[in-house]
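What the coordinates show
Here is what each chain is made of, one letter per residue.
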Amino acid sequence: MKSYKIVLLSGDGIGPEISEVSVKILKKLSQKYAFDIDIKEEYFGGIAYEKHKDPAPEVTLDQCKSSDAVLLACVGDAKYDSLPRELRPESGLLKLRSALNLFANIRPVKIRKSLLDSSSLKKEIIENVDLIVVRELIGGIYFGKPRGQITNTEIKKAFNTMVYDSSEIERITEVAVKIANQRSKKICSVDKANVLEVSQLWRDTVLAVTSKYKDINLSNLYVDNAAMQLVKEPSQFDVILTNNLFGDILSDLAAMITGSIGMLPSASLNNKGPGVFEPVHGSAPDIAGKDIANPIAMALSTSMMLKIGLNEKEAADDIETAIDNVLSKGYRTLDLKNENCQLLSCKEIGEKIIQEI
Ligand code: IPM
Ligand code: MN
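A brief structural summary. (Residues numbered from 1 in each chain as written. Chains lettered and ligands numbered in written order. Predicted model: local features only at pLDDT ≥ 70, side-chain atom pairs only at ≥ 80, totals over all residues. Heavy atoms only, no water.)

1. Comments concerning the pattern of salt bridges
How we decide: By definition here, a salt bridge exists when the distance from a side-chain nitrogen of Lys or Arg to a carboxyl oxygen of Asp or Glu is within 4 Å. A run of DSSP states H or I qualifies as a helix once it reaches four residues; a run of E qualifies as a strand once it reaches two. Both are numbered from the N-terminal end. When a residue's accessible area, from a 1.4 Å probe over protein chains only, is under 20% of the maximum for its type it is buried; when over 50% it is exposed; and in between it is partly exposed.
Across all of its chains, the model carries 18 salt bridges by this definition. Taking the shortest distance from any N to any O, the salt bridge between Lys32 and Asp318 comes out at 2.6 Å. Separated by 286 residues along the polypeptide, Lys32 in helix 1 (residues 15-32) and Asp318 in helix 11 (residues 313-328) bring together distant segments of the chain. Its relative accessible area of 16% is what places Asp318 among the buried residues. With a closest N to O distance of 3.2 Å, Asp317 and Lys307 form a salt bridge. With a gap of 10 residues between them, Asp317 in helix 11 and Lys307 in helix 10 (residues 296-309) connect regions that are remote in the sequence.

Below, the structure written as structure tokens:
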């Protein structure tokens, strides 16, 4: 029997609640498809800081490195905001991404038919949206040096550096090409080349790489225009290729097209080695422990893990179908509530999804 080692990082806030649903889904699928799944839970984020004074402890990173895939919920809480930056949960996440060399972050934005009325945008605008944000994840301004603060002067100063070398841009572009080749072969690269040198290099490098592929259709947009176009006519996009910071911002924007950020999964990948699969949303401390969170983004991340990380396509598709069935029956969590829906708790909607598998 095939056997997979999964490291589960349920993290902070709503993390444990949504993780519980995904674990149950995985158990059900492992019975249905006769594979064995060994889920090892490790401390990560704020909770790891509490236990080990480190948001990404070495033991956790070692377990992740030796796994087949990592399933991560979410990290962060305002109560850690006053800690030195390197001890904050978010820094733990960046350390994990960097330690596993996860340079490619894939964020699919797919409209679910039964949620067409849940978006703040008009139905006609969003009905044909099916796009993927390919975000560079371990470079750019998130990691660039120098960075720091000068506080011992009368006027305080703080600075960060947005830096890429061409090899970093090349490898993420190759990922975008691979994905585009399985779709409509359209890539829109997003930058700020009218102002930033780093974006000019980005633009030139993306052009050089994509020119090797005759049937790839490349377009470029400045990030301000891209934000506008995503709201104006999101269906024009297929693969959006962009840097770490712009990808962070645009993927939240694109998430809302689907009705709730509680719906968006992601995969963070390397060319080899385990990937990290996690929802795009944060830890939502304000609703933590209330059993009202939406576990679907995490369940869809679990589906991405099965498909991309473990090559268990049928099991992955089962999760997608189960979620569509549950939504089409009118079941919703609070974030997606509407007049005619049946409002369920996190646990309850989890049970509905499991029943459909
Ligand atoms: C994301 C998150 C992270 C990011 C934070 C929590 C560090 O917003 O995955 O989009 O900015 O990358
Ligand atoms: Mn983000």
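Past the structure itself, the notes keep going.
2. Focus on the side chain of Ser283
Rule in force here: Pairs of N or O atoms within 3.5 Å make up the polar contacts considered here, provided that, within protein, one atom can donate a hydrogen while the other can accept it, and that residues adjacent in sequence are counted only when both atoms are side-chain atoms. Throughout, a contact is declared for two residues whenever any of their heavy atoms are within 4.5 Å.
Following the sequence through the fold, Ser283 ends up in the loop between strand 12 (276-279) and helix 10. Judged by relative accessible area, Ser283 falls into the buried class, the value being 6%. There is a polar contact of 3.5 Å between the side chain of Ser283 and the backbone oxygen of Val75. Every residue in contact with Ser283, bar those within four places of it in the chain, is listed here: Asp12, Gly13, Ile14, Cys74, Val75, Gly76 and Asp77.

3. Things to note about the site of ligand 1
Condition: Each residue is tested against the molecule or strand, and it is near if at least one of its non-hydrogen atoms lies within 4 Å. Amino acids are sorted into nonpolar (Ala, Val, Leu, Ile, Met, Phe, Trp, Tyr, Cys and Pro), charged (Asp, Glu, Lys and Arg) and polar (every other residue, Gly among them).
Neighbouring residues of ligand 1: Glu90, Leu93, Arg97, Arg107, Arg135, Tyr142 and Asp248. In the environment of ligand 1, an oxygen atom lies 2.7 Å from a nitrogen or oxygen atom belonging to the side chain of Arg97. In this structure, an oxygen atom belonging to ligand 1 sits 2.5 Å away from a side-chain N or O atom of Tyr142. No other element matches the three residues that helix 4 (residues 89-99) contributes to the shell around ligand 1. Residues of the shell around ligand 1, tallied by class, amount to two nonpolar, no polar and five charged.

4. Remarks on the side chain of Ser189
By the secondary structure assignment, Ser189 is in strand 8 (residues 186-191). Filtering out sequence-adjacent residues up to four positions away, Ser189 remains in contact with Trp202, Val206, Leu218, Ser219, Asn220, Leu221 and Leu241.

5. Focus: the environment of Lys95
Inspection of the secondary structure puts Lys95 in helix 4. Through-space distance from the C-alpha of Lys95 to that of Ile106 is 18 Å; in sequence the pair is 11 residues apart. When residues no more than four places from it in sequence are discounted, the contact partners of Lys95 are Asp54, Ala56 and Leu61.

6. Quick word on the pairing of strand 8
This is how the line gets drawn: A strand pair is defined by DSSP finding two or more bridges across the two strands. Convention used here: a crossover is right-handed provided that the path from the first strand, over the helix, to the second strand proceeds clockwise when the strands point away from the viewer.
Taken across its six residues, strand 8 has five buried, putting it largely inside the fold. In this structure, strand 8 lies alongside strand 9 (residues 217-222), joined through six bridges in parallel fashion. Directly across from Ile187, in strand 9, lies its bridge partner Leu218. Between strand 8 and its parallel partner strand 9, the chain crosses via helix 7 (residues 197-211), and the hand of that crossover is right-handed. In this structure, strand 8 lies alongside strand 10 (residues 239-242), joined through four bridges in parallel fashion. What sits directly across from Val190, in strand 10, is Thr242.

7. Quick word on the packing of aromatic side chains
The condition is simple: Classification of ring pairs uses Phe, Tyr and Trp, with its six-membered ring standing for Trp, and accepts pairs whose centres are within 6.5 Å; under 30 degrees between planes counts as stacked, over 60 as edge-to-face, and the remaining range as tilted. Charge-over-ring placement is defined geometrically: NZ (Lys) or CZ (Arg) within 6 Å of the ring centre, and within 35 degrees of the ring normal.
This model, assessed by the stated rule, comprises three aromatic pairs. Judged by centre distance (6.2 Å) and plane angle (75°), the rings of Tyr49 and Tyr80 are edge-to-face. Here Tyr49, found in helix 2 (residues 46-52), pairs with Tyr80, found in the loop between strand 3 (69-74) and helix 4; they are 31 residues apart in sequence, far enough to count as distant. Overall, the relative accessible area of 6% leaves Tyr80 in the buried class. The ring of Tyr49 carries Lys53 above its face, with NZ or CZ at 4.7 Å from the centroid. Taking NZ or CZ as reference, Arg135 lies 5.3 Å from the ring centre of Tyr142, over its face.

8. Things to note about helix 1
Quick note on the threshold: In a helix, the anticipated span is given by 1.5 Å times the number of residues less one.
Across its 18 residues, helix 1 extends 26 Å between first and last C-alpha, which sits within 8% of the 26 Å expected from 1.5 Å per residue. Within helix 1 the residues assigned to the buried category are Gly15, Glu17, Ile18, Ser19, Val21, Ser22, Val23, Ile25, Leu26, Leu29 and Ser30. Just downstream of helix 1, Ala34 is the residue with a positive phi angle, here 50°.

9. Some details on the sheet that holds strand 3
The following threshold applies: All axes are obtained by fitting lines to C-alpha atoms, using only the stretch in contact for helices, and the reported angles, taken between N-to-C directions, cover 0 to 180 degrees.
Across the sheet, which stays open at both edges, the 10 strands sit in the order 2-1-3-12-11-4-5-10-8-9 with mixed pairing between neighbours. The sheet terminates laterally at strand 2 (36-41) and strand 9, the two strands that pair on one side only. Taken over all neighbouring pairs, the strand axes of this sheet differ in orientation by 25° on average, direction set aside. Of the pairings in the sheet, the one linking strand 1 (residues 3-11) to strand 2 comprises six bridges and is parallel in character. Paired with Lys5 across the strands is Asp38, a residue of strand 2. Sitting on the sheet, helix 8 (residues 223-232) touches strand 5 (130-136), strand 8, strand 9 and strand 10, and the angle it makes with strand 9 is about 105°.

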